Amino acid sequence: MWLTIWYWRIAMNGSRNCCSHTWSGQMADLIWLHEEGLRRTHPIFARAEADSPAVFVWDQAYFKAAHIGLKRQIFIYESLIDLPVDICAGTHKDVITGRIRADRVTRLLVLETPNTLLNRTVVELRQACPHVAVEIVADTPFVTLEREPDLGRFFHYWTKAKKSALCHGGLR
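Procedures and definitions
- Residues numbered from 1 in each chain as written.
- Predicted model: local features only at pLDDT ≥ 70, side-chain atom pairs only at ≥ 80, totals over all residues.
- Heavy atoms only, no water.
- Helix = DSSP H or I, 4+ residues; strand = E, 2+ residues; numbered from the N terminus.
- Buried < 20%, exposed > 50% of the residue type's maximum accessible area, 1.4 Å probe, protein only.
- Contact = heavy atoms within 4.5 Å.
- Areas by Shrake-Rupley, 256 points an atom, 1.4 Å probe, with all protein chains shown as cover.
- Salt bridge = Lys/Arg side-chain N within 4 Å of Asp/Glu carboxyl O.
- Pairing = 2+ DSSP bridges.

Novice: Honestly, the overall build of the chain in this entry has me stumped. Any pointers?
Specialist: Assigned secondary structure in the chain consists of seven helices and five strands. Listed by position from the N terminus, the elements making up the chain come as α-β-α-β-α-α-β-α-β-α-β-α. The 172 residues of the chain split such that 38% are buried. Of all intrachain contacts in the chain linking residues separated by at least 6 positions in sequence, the fraction that spans at least 24 positions is 74%. Taken as a whole, the chain presents about 10600 Å² of accessible surface, with 56% of it coming from carbon and sulfur.

See below:
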C-alpha cells in the first residue's frame, strides 16, 4: 500500500507540471540535482545565487537505462523530501529546458558526474539552450591523500585514508 502511495506522490508532482510556475523578477540560476549529490552541504548550493531554485527530474526512462531499482528510487525520494528542491516528472531534457524558458534562467548549475547518460544530457542542454551558461560543480572529495595511494591492497589504502575519511564531518 505505501508503495502505491509513494508512486502516486511522484505522479502527482509530475502532473502538476512544475515548469508552469513563474518567479518574480529576473531569474539567473537554476540548480539541477541528480542522485549523486543529494545533500544540503553540496558545494552547488553555495555556488548558486541566494534563493535559486533546485530541480530534480524524476525520469523513469533514465532510471531504467541506468539500472536504478525500486529500493534505490525510494532512497532517492526520501533524500529529496529533506531538500529544498522541486521534484518534476518527465525527461531530463524536457523538464530542464522547460524550466530554463519559463524562469528566464541564464546559468544552469549541474553536479559533476562520471555518469555518461547525465553527461550526454548536459551536452544536449547546451545545444538546446546556447544562451544559458552551463556550469559543472565538483563535489568536495571524501578523502584527500598527500600522495598517490597503493591500490594493490585495500588495507594499505585504508590505513592512509581513514584519518582523512573519519575526520570528514567532524569524526575523529
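Novice: Can you help me understand the pattern of salt bridges in this one?
Specialist: Close approach of charged atoms lets side chains of opposite charge pair. Taken as a whole, this structure holds six salt bridges when the rule is applied. Here Arg-47 makes a salt bridge to Glu-135, at a shortest N to O gap of 2.4 Å. Here Arg-47 is found in helix H2 (residues 43-47), whereas its partner Glu-135 is found in strand E5 (residues 133-137), with 88 residues between them in sequence. Take Arg-47: its relative accessible area is 41%, and that puts it in the partly exposed class. Here Arg-107 makes a salt bridge to Glu-135, at a shortest N to O gap of 2.9 Å. Taken together, the residues span a long stretch of sequence, with Arg-107 in strand E4 (residues 107-111) and Glu-135 in strand E5 at a distance of 28 residues. The class for Glu-135 is partly exposed, based on a relative accessible area of 21%.

Novice: Would you explain the pairing of strand E2 (residues 54-58) in this entry?
Specialist: Two faces make up the sheet, and in a regular strand the side chains alternate between them. The element E2 is extensively covered by neighbouring structure, given that five of its five residues are classed as buried. Burial along E2 is two-sided: Ala-54, Phe-56 and Trp-58 facing one way and Val-55 and Val-57 facing the other are all buried. Note that strand E1 (residues 29-33) and E2 share three bridges and pair parallel. When the sheet's bridge partners are listed, Leu-33 is paired in E2 with Phe-56. Bridge count between E2 and strand E3 (residues 86-89): four bridges; the pairing is parallel.

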